[in-house]
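As a plain string of letters, each chain reads:
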Amino acid sequence: MKPFPSIALPCYFAAIGVSSAQSPESEIPTFHNDNEGRAADYANYFSAYSDLYHQKAMLTDQHRMQAYNKAIMSNKDLFKNKVVMDVGTGSSILALWAAQAGAKRVYAVEYTAMADHAKNVVKANNVDHIVRVIQGAVEDVRLPLPDEDWDFVCAHGNDDDANVQECKGSQQVVDIIISEWMGYFLLRESMLDSVIYARDKFLKPSGIMFPSHATMLLAPIGKEEHREEVEQDYSDAMDSWHEYLELAQQEYGVSMACLEENFEAEQREYYLRSGHWLQLEANTVLASPSIVKTLDMATCTLEDAKGVEVTPFDFEVAKVDDSVEGQAISGFAGWFTVDFRSRSDETGKIHAPDVKNSAHLSTGPDAGGECECKN
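Keep in mind that what you see is a predicted model, and the values were worked out from it rather than measured. (Residues numbered from 1 in each chain as written. Predicted model: local features only at pLDDT ≥ 70, side-chain atom pairs only at ≥ 80, totals over all residues. Heavy atoms only, no water.)

Asker: I keep staring at the overall build of the protein chain and nothing clicks. Help me out?
Answerer: Of regular secondary structure, the protein chain possesses 12 helices and 14 strands. Residues classed as buried in the protein chain amount to 50% of the 375 residues present. Expressed as a percentage of contacts within the protein chain between residues at least 6 apart in sequence, the contacts between residues at least 24 apart total 79%. Counting every atom, the protein chain has about 18,500 Å² of accessible surface; 50% of that belongs to carbon and sulfur. (Helix = DSSP H or I, 4+ residues; strand = E, 2+ residues; numbered from the N terminus. Buried < 20%, exposed > 50% of the residue type's maximum accessible area, 1.4 Å probe, protein only. Contact = heavy atoms within 4.5 Å. Areas by Shrake-Rupley, 256 points an atom, 1.4 Å probe, with all protein chains shown as cover.)

Structure, rendered in structure tokens:
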């Protein structure tokens, strides 16, 4: 066995896509608070989530659905008679489960027109007296809603008067925030910034975040067949370009050769430096993964949402048995996991309730996760 240093190779990003270390010029965008910025946010990100087709794709992801369902429905003691916020509710599935688990109020916040569908789903499942669907950015929400009073959102039956009085007049009336916020390779195109904003504005100091923790992992893999296919696609694209140059010169008397450098740069970026979704089998992983970033959802900051810091790492690659597919290192696989468990920060350890039944979601090859290749 010998250590494998961090060098430039194709990267395969498992399950949720690709995210690279962010430079100041390419930081992951956060919520814009002006009309022009909001329009850009909607066009670049949120608009896709207003389609039922996109929602169906997420709802049929059994790994995600089972993890969230277990986290909520096996911890009904946490949700009973509590106030819950679902950030980015989409079709409202998480909000529905929170209501079924015993929450007395669920604020289901959805920025897109999917909120109209969510309202219909909530009503069809007879929880519209518990779940309030709010269309708009969570950054604009104010609690309690105009038709609610402080006693309703602050009194949970077992709170003493001091806790109730502290709650009144404060926006921090939420006991649990749930959200399926994760993006490509956890952070890219994620809603983490909005979730952090909601936590800081609405969550009680003793509140719970679901998921509670997130981890990004990286490992070298052997996937030569796909790497060779991508290189062939790049070569074919350049061959097609050269055929076009010849055609333009011969048929139309126009030289386009001055554009070749730019065209080649575009094709190289697209084929050899961009992400490709794949399904990675566990035996393509050639070494134990390294953790490149962890997030404690109770304490992480907007700075943490911007990307991955430059992180040194190394791997020991060895063929242990025949289940490992060869020794050619085709690239790196990156994936993430999230956990639903008790708070681990000092404030949470003292004041937050324990999560008695933890849940875990992995998007890695060990869970049959989809993958993305970055060459």
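Asker: Would you mind showing me how to read the pairing of strand β5 (residues 131–135) here?
Answerer: The two faces of a sheet get side chains in turn, since along a regular strand they alternate between them. Here strand β4 (residues 105–110) runs beside β5; their pairing, made up of 5 bridges, is parallel. Paired with Ala108 across the bridge in β5 is Val133. After leaving β4, the chain enters helix α6 (residues 114–124) and then returns to the sheet as β5, a path that is right-handed. (Pairing = 2+ DSSP bridges. Right-handed = clockwise from strand over helix to strand, strands pointing away.)

Asker: When you look at the environment of Ala248 in this model, what are you seeing that I'm missing?
Answerer: Considering the arrangement of structural elements, one finds Ala248 in helix α10 (residues 224–252). Judged by relative accessible area, which is 4%, Ala248 ranks as buried.

Asker: Is there a simple way to think about a nonpolar patch on the surface in this case?
Answerer: Residues Tyr244, Leu247, Tyr252 and Val254 make up a contiguous nonpolar surface patch of roughly 400 Å² in combined accessible area. Within the secondary structure, Leu247 sits in helix α10. You can call Leu247 partly exposed: its relative accessible area is 40%. (Patch = residues over 30% accessible without salt bridge, like charges linked within 9 Å, V, L, I, M, F, W, Y side chains within 5 Å. Salt bridge = Lys/Arg side-chain N within 4 Å of Asp/Glu carboxyl O.)

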